[in-house]
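If you want the building blocks of each chain, they are given just below.
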Amino acid sequence: MGLFDFLNRKAAPIKQPIALSVERGIVTWDGQNQQEIVRDSYIGNDLVYAIISMITQKAKVAPWGVYKVKNKEAAKRYKALTMDRNPDIAKIREQKELAFEPYNDTRLNEMLKYPNSEDTWSDLVEQWVGFKKITGNAFMYAKMVGEASVNRGKPLEVYMLPSQYMTVKIDTSVFPPKKVAYQLYYGQYIPFTAAEILHDKYFNPEWSATGGQLYGLSPLRAASKVLTRSNSSKEASVAMFDNMGPLGALYMDDPRFDPISGSEQAQALKMQISANTGAGKYGSTAVSGYKVGWAQIGVPAKDLQLIEAEKWDKEALCSIYGVPPVLLGSQDAATYNNVKEAEKSLTLRAVLPELTAIRDNINRKLQSDWGYAGTDIFVDFDMTVYQELEANRTEQSQWLNTAWWLTPEQKLKIQGLAPDPNVPIEDYQKLYIPSGLQPLDDFTNLPVDVPPTL
């Protein structure tokens, strides 16, 4: 049974919207027309689509797994390291090994593989990040296992709901207002309990009596003027090409010209111009027996500077989302090294914050409403899949060759490599002093004019 087939069993259609009332369970409004935001941005603007797709496609490749905490202090250090703006992958890998061990929970492992009958987990991550980037909110619905099962209270299936149609019900009798329920309007009002919904959102400073602060602030709301300009520019370009009339008018600017007797000459000039139009006729000439004038009517595309405006719109929208413009085809300093650094910047600024938010929100929900309260279960993604975050191998190897105070085992761990199974592990745990070096004290009594030999 699909999601909406299931939901349709739960609620009867309601023809009129529910009126707002100041009472327990008030239906709130976030102050934004979310449907317009979706339509005018991701669906209607190629720049927004390209930027958000670049983020979601990168976010969905990270593998996820179920772990059990074995060292709580190491787990805290690990979480802190993963939220660093310039994470050290070697330290993160080391702390993760100290903090967690893989755990086989059938229900969770299945959810992280196929969360429902329609999606893979990577599909859900793509939807989660996409909805949040567009509307500022992401809503995950968990259909729970029945009470008769040993897995009762745990998620049976999870779905991402369309955030542009979601509303939050709050209890206004307490402060700050508390979420008590959710509802989806999808041709009808469909209710959800607070326990069924995981709500992830961006910070929103705009508090209101209708609970605006309980919704995330869409990045596109902050960029609304840029988005409007971008859409208007594209509409103007399309209209110009679709409805292109004459850019100007030729007229006979000659006192000898008689509109009646000279109509044949005007018609002949018109035919010459029409016959000499097109790429194959470039450089050809039309001849008139009268002096001809020109009056411009339309505005050439270059004078509207639409291309230049679109370039700056791209820069502004990329800035809002933390995406380097060079990745969208910009030719400004688009060298290999710059693109490589841009990929790293995309991962650090736009992708990892979303993945850590997903991880923390899922674990919070598992430990509260979704059947794993009081357990040491931890769901996490693997950051090491993003190779651009790894240290430069050449520079790292050169430095490690001089770091005699590290054992071979420590050096391999820094590089993420495994020891050779044919070599005794004890040999990897010894310190090796470079040969040919002598203590400085050995040279204190040498004549000044005799250089020491290393």
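Heads up: the structure comes first, above all this text.
Quick notes on the rules
Residues numbered from 1 in each chain as written. Predicted model: local features only at pLDDT ≥ 70, side-chain atom pairs only at ≥ 80, totals over all residues. Heavy atoms only, no water. Pairing = 2+ DSSP bridges. Helix = DSSP H or I, 4+ residues; strand = E, 2+ residues; numbered from the N terminus. Axes fitted to C-alpha atoms, helices over the stretch in contact; angles between N-to-C directions. Contact = heavy atoms within 4.5 Å. Parallel < 35°, antiparallel > 145°, perpendicular 65-115°, else oblique. Left-handed = near helix turned anticlockwise from the far one by under 90°. Nonpolar A, V, L, I, M, F, W, Y, C, P; charged D, E, K, R; others polar. Expected span 1.5 Å × (residues − 1). Buried < 20%, exposed > 50% of the residue type's maximum accessible area, 1.4 Å probe, protein only. Phe/Tyr/Trp six-rings, centres within 6.5 Å; stacked < 30°, edge-to-face > 60°. Core = buried A, V, L, I, M, F, W, Y, C linked by side-chain atoms within 4.5 Å.

Undergrad: Quick question: what am I supposed to make of the sheet that holds strand β9 (residues 197-201) here?
TA: Within a sheet, neighbouring strands are paired by backbone hydrogen bonds and run either parallel or antiparallel to one another. The sheet built from three strands is open, its strands ordered β5-β4-β9 with antiparallel pairing. The sheet is open, and its two edges are formed by β5 (155-161) and β9, each paired on a single side. Ignoring strand direction, the axes of neighbouring strands in this sheet form an average angle of 20°. Sheet analysis places strand β4 (residues 137-144) next to β9, joined by five bridges and oriented antiparallel. Within the sheet, the bridge partner assigned to Tyr141 lies in β9 and is Ile197. Taken strand by strand, helix α7 (residues 121-135) contacts β4, β5 and β9, and its axis lies near 140° from that of β4.

Undergrad: Looking at this model, I keep getting lost on the packing of helix α3 (residues 46-59) against α7. Mind explaining?
TA: Packed helices, taken two at a time, are described by the angle their axes make and the gap between the axes. At their nearest, the axes of α3 and α7 sit 8 Å apart, and the two run at 150° to each other. Here α7 runs roughly antiparallel to α3, going by the angle between their axes. α7 is crossed by α3, and the crossing has right-handed handedness. Where α3 abuts α7, its residues Ile52, Ile55, Thr56, Gln57 and Ala59 lie against Val125, Glu126, Val129, Gly130, Lys133 and Ile134. Taken together, the residues of the contact of α3 with α7 break down into six nonpolar, three polar and two charged.

Undergrad: What exactly am I supposed to notice about α7 here?
TA: Note on helix geometry: an α-helix contains 3.6 residues per turn, so any two residues three or four positions apart are oriented the same way. With 15 residues, α7 should cover 21 Å at 1.5 Å per step; its first-to-last C-alpha distance of 21 Å lies within 8% of that length. In terms of burial, α7 is largely enclosed, as eleven of its 15 residues are buried. Regarding α7, the residues found buried are Trp121, Leu124, Val125, Trp128, Val129, Gly130, Phe131, Lys132, Lys133, Ile134 and Thr135. One or two residues past the end of α7 sits Gly136, with phi positive at roughly 90°.

Undergrad: What is the right way to look at the packing of aromatic side chains in this model?
TA: Aromatic ring pairs are described here by two measures, namely the spacing of the ring centres and the angle between the planes. The final tally for this structure, using the stated rule, is eleven aromatic pairs. The interplanar angle of 50° and the centroid separation of 6.2 Å between the aromatic rings of Tyr67 and Phe100 together place this pair among those described as tilted. In this pair, Tyr67 is assigned in strand β2 (residues 64-69) and Phe100 in strand β3 (residues 100-102), connecting sequence segments 33 residues apart. For Tyr67, a relative accessible area of 17% corresponds to the buried category. Their ring planes at 75° and their centres at 6.0 Å tell us that Phe139 and Tyr182 sit as a pair that is edge-to-face. Within this pair, whereas Phe139 is found in strand β4, its partner Tyr182 is found in strand β7 (residues 178-185), the two being separated by 43 residues in sequence. Of the two residues, Phe139 and Tyr182, neither departs from the other in class, the shared state being buried. The structure contains a cluster of three or more aromatic residues connected by ring pairs, namely Tyr67, Tyr78, Phe100 and Phe378.

Undergrad: Help me out: how do you make sense of the nonpolar core in this one?
TA: In summary, soluble globular proteins display a tendency toward joint burial of nonpolar side chains. Trp64, Trp121, Met140 and Leu355 are the most contacted members of the largest nonpolar core, which totals 64 residues. The dominant element in this core, judged by the number of residues it contributes, is helix α13 (residues 336-366), at ten residues. Among residues more than four places away in sequence, those in contact with Met140 are Trp121, Leu124, Trp128, Val158, Tyr159, Met160, Glu196, Ile197, Leu198 and Trp370.

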